[in-house]
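Structural overview
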Amino acid sequence: MFRRTLLAALAVSGLLAGAAHAQDDYPSRPVKLIVPFPAGGTSDIMGRLIADALGRQLKQPFIVDNKGGAGGAIGTEQAAKAPGDGYTLLLSGIGSNAIIHGFSPKPPYDSTRDFVHVSQLAAGPNVLVVNPSFPAKNFKEFIAWVKANPGKFSYGQVNASSGHVTTEYLKQVAGLDMVGIPYKGGAPALNDVLADQIPGMFTNQDAVLPHIKAGKLRALAVTSAQRNPLFPDVPTVAESGYPGFSAVSWTGLSAPKGTPKAVVEKLEAAMAKGFADPAVRAKLEANGFVVVVSHAADYTRFVQDETARWTQVVQKAGIKLD
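Residues numbered from 1 in each chain as written. Predicted model: local features only at pLDDT ≥ 70, side-chain atom pairs only at ≥ 80, totals over all residues. Heavy atoms only, no water.

A few words on the nonpolar core. With 44 residues, the main nonpolar core has F139, F142, F153, L170, W250 and W310 as its most contacted residues. For this core, the secondary structure elements donating two or more residues are α3 (73-81), β4 (115-130), α5 (139-148), α6 (162-174), β8 (218-222), β9 (248-256) and α11 (296-317). Looking at which element gives the most residues to this core, the answer is α11, with 5 residues. Apart from the residues within four sequence positions on either side, F142 is in contact with L128, F134, A136, F153, M178 and L220. Counting residues in hydrophobic clusters, the runner-up holds 32 residues, among them L33, V264, F289 and A296. (Core = buried A, V, L, I, M, F, W, Y, C linked by side-chain atoms within 4.5 Å. Buried < 20%, exposed > 50% of the residue type's maximum accessible area, 1.4 Å probe, protein only. Helix = DSSP H or I, 4+ residues; strand = E, 2+ residues; numbered from the N terminus. Contact = heavy atoms within 4.5 Å.)

If you want it as structure tokens, here you go:
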């Protein structure tokens, strides 16, 4: 009896030692990073920057696996169901890990329960842009014009996008009556703003930056808490009469629940070191993103806060998934 107990104890000890050794050696083989959106978009670019930085720091290939569909839910669900061993990771973000929780039915995963959030990477504001023919020259004039002309400002609306929920958020806090014109994607909506078919929209800063520089669009406000370095003369919504208003598109690195703490700490350190490189940061900052790179505890709290905020906005607005 004693011998069996001793052998069992030694076996468990060996398993624990083996697990600890495996974590010390992590990663000992290639790692998959699920990007829950198609190749070619902003999320894909972010995922490839993370994969490259982690690969250089941890000396193993980090391979991007694009799993698009259902607003990011398909790829995110796959990551949630993957083993928590550090060899499947997720590019997490505002749409698939916060906004989506406001919809009914709920997604088949819970961003606060099913993941370990390792590190935020970057955040970028939405920008309110209008065609230069629109009479408002600044954000305060825009608010005054919309309030004086209820139901007459039409904006490009890509259902359930960050630009869409940002617009609903502003409508709620400012008491605005504006009309959303549905589009399948941000590019066709923006093309119609450029062509003066619709007067304006909220959209990601990287999409509009070249058009603003060329004078083809007028930027009225950014939605970050502070002004963006690439739009130094464009005020924030918060400083323009709506304190506390913040709506940024963010991305980061997450892992399935159960991923060992030692692995999370390795990834966290690699993110911090990789994105301390000025050349790497410059790739993001050149497109108006603010490099955030945070600790796991900070990113976890951030995801929880964002989920609560956008769930409230989505449900109050009655936004439904297509």
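Now for the packing of aromatic side chains. Summed over the entire model, instances satisfying the criterion amount to 12 aromatic pairs. With 4.3 Å between their ring centres and 15 degrees between their planes, Y169 and F245 make a pair best called stacked. Taken together, the residues Y169 in helix α6 and F245 in the loop between β8 and β9 connect sequence positions 76 residues apart. With respect to burial, Y169 and F245 carry one shared label: buried. Residues W250 and F302 carry aromatic rings whose centres are separated by 5.2 Å and whose planes lie at 75 degrees to one another, so their mutual orientation is edge-to-face. Placement of the pair is W250 in strand β9 and F302 in helix α11, with a sequence separation of 52 residues. On the basis of relative accessibility, which here comes to 1%, the residue W250 falls in the buried class. Note on F302: relative accessible area 23%, which makes it partly exposed. These aromatic residues form a ring-pair network of at least three members: F134, F139, F142, W145, F153 and Y242. (Phe/Tyr/Trp six-rings, centres within 6.5 Å; stacked < 30°, edge-to-face > 60°.)

Turning our attention to the environment of G40. The topology assignment puts G40 in the loop between β1 (31-35) and α2 (42-58). Each C-alpha atom, one on G40 and one on S104, is 29 Å from the other, the two residues being 64 residues apart in sequence.

With that settled, the discussion passes to the environment of G175. Here G175 lies in the loop between α6 and β6 (179-183). Classification of G175 as exposed rests on a relative accessible area of 56%. For G175, the residues in contact, after removing those within four places along its chain, are K147 and L170.

Let's shift gears to α6. The end-to-end C-alpha distance of α6, which contains 13 residues, comes to 18 Å, matching closely the 18 Å that a straight helix rising 1.5 Å per residue would cover. The element α6 is extensively covered by neighbouring structure, given that 11 of its 13 residues are classed as buried. Along α6, the residues classified as buried are S162, G163, H164, V165, T166, T167, E168, Y169, L170, K171 and A174. Within two residues after α6, G175 carries a phi angle of roughly 65 degrees, on the positive side. (Expected span 1.5 Å × (residues − 1).)

Interhelical geometry of α2 versus helix α9 (residues 261-274) gives an angle of 105 degrees and a closest axis separation of 9 Å. Put simply, α2 runs roughly perpendicular to α9. On α9, the residues touching I50, A53, L54, Q57 and L58 of α2 are K266, L267, A270, M271, K273 and G274. Counted by class, the contact of α2 with α9 contains 7 nonpolar, 2 polar and 2 charged residues. (Axes fitted to C-alpha atoms, helices over the stretch in contact; angles between N-to-C directions. Parallel < 35°, antiparallel > 145°, perpendicular 65-115°, else oblique. Nonpolar A, V, L, I, M, F, W, Y, C, P; charged D, E, K, R; others polar.)

Here the focus is the packing of α6 against α11. Helix-helix packing is characterised by the crossing angle of the two axes and by the distance between the axes. The interhelical angle for the contact between α6 and α11, taken along N-to-C directions, is 75 degrees, at an axis separation of 10 Å. As judged from the angle between their axes, α6 and α11 are roughly perpendicular. Contacts from V165, T166, E168, Y169 and Q172 of α6 reach α11 at R309, W310, V313, V314, K316 and A317. Residue composition of the contact of α6 with α11, grouped by class: 6 nonpolar, 2 polar and 3 charged.

With that settled, the discussion passes to the pairing of strand β7 (residues 200-204). Taken residue by residue, a regular strand's side chains alternate between the two faces of the sheet. The element β7 is extensively covered by neighbouring structure, given that 4 of its 5 residues are classed as buried. Pairing geometry for β4 and β7, over 5 bridges, is antiparallel. Bridging from a neighbouring strand, N126 pairs with N204 of β7. (Pairing = 2+ DSSP bridges.)

By the secondary structure assignment, S92 is in strand β3 (residues 88-93). A relative accessible area of 1% means that S92 is categorised as buried. Side chain to side chain, S92 and Y299 meet in a polar contact 2.8 Å long. In contact with S92, other than residues within four places in its own chain, are N97, W250, T251, G252, L253, S254 and Y299. (Polar contact = N/O pair within 3.5 Å; in protein donor to acceptor, adjacent residues only side chain to side chain.)

Another aspect to go through is the pattern of salt bridges. According to the stated counting rule, one finds 13 salt bridges in the structure shown. When the shortest N-O distance is used, the salt bridge between D114 and R113 registers 3.1 Å. Note on D114: relative accessible area 12%, which makes it buried. Given a relative accessible area of 52%, R113 falls into the exposed group. Note that R309 and E306 form a salt bridge whose closest N and O atoms lie 2.9 Å from each other. (Salt bridge = Lys/Arg side-chain N within 4 Å of Asp/Glu carboxyl O.)

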